[in-house]
Amino acid sequence: MPSKLSIAEAVADLEAQIVDLEAKESYHAEQETLHREQRSAVAETLAGIRAKYEAFRTAASEIGEVVREHRPAPPRPAPALEDADVRTTASKLTAVVISVKREEDTFTASSLADELNRRYPRRLGHEVDRRAVSMALRRLMQDGYVQEVEAGRPFHEAVYSRRVG
């Protein structure tokens, strides 16, 4: 500040500073009120979510205890091949083919479909599609008879193996 200010200029400068600081104080007071309201709203939402989380966690642990108590049924045995000329389903033949595989052998729906078409053309009566074998594999996986070794992706088939035990 120059040392040769007139009294009128100094008073005007101080008044301008007072108006500016009062505006800033008012703005910050509004922000404080707004933030206090937002904080209380967030705290309410947080309390509700925590309550739901605890209820979910309790329910999940109770379900886990029930699941541990009830063991699933053993995998269904593969159907026997009595008569080679009798027609049967692709699902049953898929289970038969898998039953003779070792636990460490891996296979895909396409490889099983090719094997079924090569080994049982008369029993099937038609060519088995890999999609039909894939559905049979998913059912066998749900029953615990096979396990997925590698998940399928858009351009790669899922890889399965036989589950033993």
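Heads up: the structure comes first, above all this text.
Residues numbered from 1 in each chain as written. Predicted model: local features only at pLDDT ≥ 70, side-chain atom pairs only at ≥ 80, totals over all residues. Heavy atoms only, no water.

## Some words on the sheet that holds strand 2 (residues 146-150)
- Spatially, the three strands line up as an open sheet ordered 1-3-2, and their pairing is antiparallel. The open sheet is flanked by strand 1 (106-107) and strand 2, the only strands paired with a single partner.
- Across four bridges, the pairing between strand 2 and strand 3 (residues 159-162) is antiparallel. Among the inter-strand pairings, Val-146 is bridged to a residue of strand 3, identified as Arg-162.
- Relative to strand 2, helix 5 (residues 130-142) is tilted by about 110 degrees, and along the sheet it contacts strand 1, strand 2 and strand 3. (Pairing = 2+ DSSP bridges. Helix = DSSP H or I, 4+ residues; strand = E, 2+ residues; numbered from the N terminus. Contact = heavy atoms within 4.5 Å. Axes fitted to C-alpha atoms, helices over the stretch in contact; angles between N-to-C directions.)

## Things to note about the pattern of salt bridges
- Here the structure, examined in full by the defined rule, presents nine salt bridges.
- Residue Asp-105 pairs with Arg-102 through a salt bridge whose shortest N-O separation is 3.0 Å.
- Linking Glu-115 and Arg-119 is a salt bridge whose minimum nitrogen-to-oxygen distance equals 2.8 Å. In this pair, Glu-115 and Arg-119 both sit in helix 3 (residues 109-119), four residues apart, roughly one turn of the helix.
- For Arg-119, a relative accessible area of 38% gives the class partly exposed.
- Through salt bridges with shared partners, a single network forms among Lys-101, Glu-115 and Arg-119. (Salt bridge = Lys/Arg side-chain N within 4 Å of Asp/Glu carboxyl O. Buried < 20%, exposed > 50% of the residue type's maximum accessible area, 1.4 Å probe, protein only.)

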